[in-house]
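# Overview (structure and organization)
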Amino acid sequence: MAEFLQQLVNGIALGSIYGLIAVGYTIVYGILGLINFAHGEIYMMGTFSAFLAVQFAKSKFGIEMGFGPALVLGMIGAGILGVAIERIAYRPLRAKSAVPAVLLGLVGGGVAFMIVDAVGTQLGLPFANPFALLIDTGGSSSRAVEATTDFEVPSIVSLILWAVLAWGAYRLSRGRLSVRKTTKAATLTALLTALGVSLLLQNLGIQMFGATPKSFPALVEFYPYEVEANTAAGWMLAAAILPAIAVLAWSILRRARNLDRPTAIGIATGVVLACTYALSGLLRGEGTVILANQDLLIFGAMVVSMVVLQLIIYRTKIGKAMRAVAVDQDAARLMGVRLDFTISCAFAIGSSLAAIAGVLYAIRYTKIDPLMGALPGAKAFVAAVLGGIGNIPGAVVGGLIMGVTESMVVGYVSSTLRDAFAFGILILILLVKPTGLMGTNQPEKV
Amino acid sequence: MFELSNYHIQVLAFMGINIILAVSLNLINGFTGQFSLGHAGFMAIGAYTAAILTKACGWPFLAATLAGAMLAFLFGLLLGIPILRLKGDYLAIATFGLSEIVRVAIVNFDDVSMKLAGYVGMGDLWPKEITRGALGYPAIPEVKSLLWIYGWAFVTCLVLRNIVRSSEGRAISSIGEDELAAESLGINTARYKTLSFAIGAFFAGVAGALFAHWVTFIKADLFKIDKSIEILLMVVLGGMGSLSGSVLGAVVLTILPEYLRMFAQWRMVIYPVLLILLMLTRPEGLLGKRELSSVIAGLFTRARRSAAAAAT
């Protein structure tokens, strides 16, 4: 069963990445009731900020950045982006406020920049892509390829110009526009806004980084551990599968069946023992399994992030605030919880988790491009729904199930059908149990 | 008379196809209030069915179009029954998943159907190439006629207008207003939701067939989520629950990208920004729930009233 174990290992690594992304969906949904469609793009942008940081340090200062700093910078980049998206696009839907002039500023600055650029090109002074300054990989962006004229205005000047123009547009538009509130169809509006943000980030990514895939530097060198299938089976039973089954059985018994603690422990132990027996028979076999150090890193990072996240949510003040807002926004605000700050924190946490997933994915699968977030984002959403949206352990379990299923489909059915299976699972789970494996049922109120 | 260039005719054709798509999606999203992100999937079904029937089986264009549309209708009916039990965000995601599955199914159709035919024992009889997978379906017989497209657009608008004004249409609108209230008034919500979903799918299939025979080359990637969002945007811009609004939205959003071409590569950046700004400033769309005729009539009465006020 070496083949099966190998697919299981691949699936768990992939599933850990899905799980990390799914947690971001679930946190935001739990607090705001909003599906943040842009989350897949935050994952992409987080990966790219790590990539840019590494490239920038290498080309400008000659520093070879390690895994840790790159990860932290990616998390910071994604966190800032997540908070900015919430501030610019989602908060105006929720609270009465002026249309964020920041967005108009950026757009207005962009349009003004394009006009200046067009005029400049006519005069023989093409401006370089401002972001080419950061990338500097030679011909990676479409603009960098185009602009081969001798008199090219340096990209730093372009960047400053854009910033000045954006600031001007921001000052001009501030306070001029106000939002008209419509209570009806609020979900639809939010959903469309999220779709818009997602499209915007994708296309902005294509413009800034170029559509061609880039190879992410190998921050962690690939090193395969070859393990006998029997030994691997033993390890995995002990380390991952059995605890996972135990936790899953435990939570299903406690939540869905409302059993008391001793009974649940008893049944869960029984399930685990039965599974041990069945799996140990099933998994015995010849051959070797390759455990990549990167896969171990991915799984480890996922576990550590989840532990830290649980600590934040259950042991800190901001975690308490987040839980309070998730239960009842208005009541939480009456109790003195700073609503906006709490929501921003949720976005920051979810986004930095997505960045962790992105950087790990980039190290494991080496290629990154601006559209890399679309499909993992959608699949992670499926994972969040599968686990019960709003439920953090559920998101991780859902992610692992998705990853393992996908990898089994690739191994045993057909690699082109992997996406169909992912969405098939989604439709199935929505029809059979829309609240997900570990979600709680909320009756519809009139 | 002035001559239209090929470019203008092309834009006009796409405008007509977009009108069909937007108006039919408005029945699902606007009137029935069921958020569907899967319109491109039905369009793909119609496009592929009609293209295969005219090219490989030599059917006449109209018959192939109707067959493609009927298949989309059947899919809408069968899939609508389970899917439409879901609400809001979940429904949107499920329909998105459906259209992805349609796309993947088209790409893998040849392999999978070949294998299945092999199991049944008719592997030799089964044609090797049906959808031609990811490479796309080339050399579809060309039907470049604005008459067909605008004829169908007219039929679509007429049929949907009559549906909306009929008693079924009132039931459908009441579901859009408040599903719980409609159900408590004894309206069979599941039935009407499925019906409107299937009718929308039918016309999406028509649009797909027209599209396939206009461009003569289709591939599954043309019918991705981007296409669904594009159609949705037309509906939202025009106003959810306004048929003339959808026509307006389709016209504006077919022409606007052509003008945005002067920004070349920045076009696809500006487009979503406009969507976000629209959502933040005017979430109900240009016309809201009103029809164009009533808006114009409203303008006249206001003008008359102000004229009367000026006279006194």
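Residues numbered from 1 in each chain as written. Chains lettered and ligands numbered in written order. Predicted model: local features only at pLDDT ≥ 70, side-chain atom pairs only at ≥ 80, totals over all residues. Heavy atoms only, no water.

## Section: the overall build of chain B
In terms of helices and strands, chain B carries 12 helices and zero strands. Mapped in sequence order, the helices and strands of chain B form the string α-α-α-α-α-α-α-α-α-α-α-α. What you see for chain B is a C-alpha radius of gyration of 21 Å, in line with the 20 Å of a compact globule of 312 residues. Projected onto the principal axes, the alpha-carbon positions of chain B cover approximately 85 × 55 × 35 Å. (Helix = DSSP H or I, 4+ residues; strand = E, 2+ residues; numbered from the N terminus. Rg over C-alpha atoms; globule rule 2.2 N^0.38 Å.)

## Quick notes on the side chain of Arg103(B)
Relative to the helices and strands, Arg103(B) is located in helix α4 (residues 88-120). Not counting the four nearest positions on each side in its chain, Arg103(B) is found in contact with Ala220(B), Asp221(B), Phe223(B) and Lys224(B). (Contact = heavy atoms within 4.5 Å.)

## Some words on the pattern of salt bridges
Two side chains that carry opposite charge are able to pair once their charged atoms sit near each other. On inspection of all chains with the given rule, the structure shows eight salt bridges over all chains. Here Lys379(A) makes a salt bridge to Glu406(A), at a shortest N to O gap of 3.3 Å. Of the two residues, Lys379(A) sits in helix α15 (residues 374-387) while Glu406(A) sits in helix α16 (residues 392-412), which places them 27 residues apart along the sequence. You'll find Lys379(A) and Glu406(A) in the same group, each marked buried. Note that Arg103(B) and Glu100(B) form a salt bridge whose closest N and O atoms lie 3.1 Å from each other. Of the two residues, Arg103(B) and Glu100(B) both sit in helix α4, three residues apart, roughly one turn of that helix. Note on accessibility: Arg103(B) and Glu100(B) belong to one class, buried. By sharing partners, the salt bridges in this structure join Lys379(A), Glu406(A) and Arg418(A) into a single network. (Salt bridge = Lys/Arg side-chain N within 4 Å of Asp/Glu carboxyl O. Buried < 20%, exposed > 50% of the residue type's maximum accessible area, 1.4 Å probe, protein only.)

## A closer look at the packing of helix α5 (residues 146-165) of chain B against helix α6 (residues 167-177) of chain B
Residue and element names in this part refer to chain B. Between α5 and α6, the shortest axis-to-axis distance is 4 Å and the interhelical angle comes to 75°. As summarised for this structure, α5 and α6 are arranged roughly perpendicular, according to the angle between their axes. Touching Ile-163, Val-164 and Arg-165 of α5 are Ser-167, Glu-168, Gly-169 and Arg-170, all from α6. (Axes fitted to C-alpha atoms, helices over the stretch in contact; angles between N-to-C directions. Parallel < 35°, antiparallel > 145°, perpendicular 65-115°, else oblique.)

## Remarks on the side chain of Asn391(A)
Considering the arrangement of structural elements, one finds Asn391(A) in the loop between α15 and α16. Judged by relative accessible area, Asn391(A) falls into the buried class, the value being 10%.

## Description of α4(B)
Note that an α-helix has 3.6 residues per turn; residues three or four places apart therefore point the same way. All names here are of chain B. Look at α4: only 41 Å from first C-alpha to last across 33 residues, short of the 48 Å you get at 1.5 Å a residue. Of all the bends found along α4, the most pronounced is centred on Asn-108 and spans about 65°. Phi for Gly-121, located one or two positions after α4, is positive at around 95°. (Expected span 1.5 Å × (residues − 1). Bend = angle between axes of the 7 residues up to and from the residue.)

## Remarks on the nonpolar core
Core analysis: the biggest nonpolar cluster contains 189 residues, and Val23(A), Tyr90(A), Phe216(A), Leu309(A), Ile218(B) and Phe223(B) have the highest contact counts within it. In terms of residues, this core owes the most to one element, helix α14 (residues 339-365) of chain A, which gives 15 residues. If sequence neighbours within four positions are ignored, Leu309(A) has contacts with Val23(A), Ile27(A), Ile349(A), Leu353(A) and Ile392(A). Grouped together as the second largest cluster of nonpolar side chains are 12 residues, Leu5(A), Val9(A), Val227(A) and Met408(A) included. (Core = buried A, V, L, I, M, F, W, Y, C linked by side-chain atoms within 4.5 Å.)

## Let's talk about unusual backbone geometry
Look at Thr366(A): it is not a glycine, yet its phi comes out positive at around 60°. By the secondary structure assignment, Thr366(A) is in the loop between α14 and β4 (367-368).

## Here's the deal with the packing of helix α2 (residues 39-56) of chain B against helix α3 (residues 61-83) of chain B
Residues and elements named next belong to chain B. Two elements in contact, α2 and α3, have axes separated by 8 Å at closest approach and are oriented at 145°. Note on packing geometry: the crossing formed by α2 with α3 is right-handed. When α2 is examined against α3, the residues Phe-42, Ile-45, Gly-46, Thr-49, Ala-50, Leu-53 and Thr-54 are found in contact with a partner set consisting of Phe-61, Ala-64, Thr-65, Ala-67, Gly-68, Leu-71, Ala-72, Phe-75 and Gly-76. Across the contact of α2 with α3, the residue classes tally to 10 nonpolar, six polar and no charged. (Left-handed = near helix turned anticlockwise from the far one by under 90°. Nonpolar A, V, L, I, M, F, W, Y, C, P; charged D, E, K, R; others polar.)

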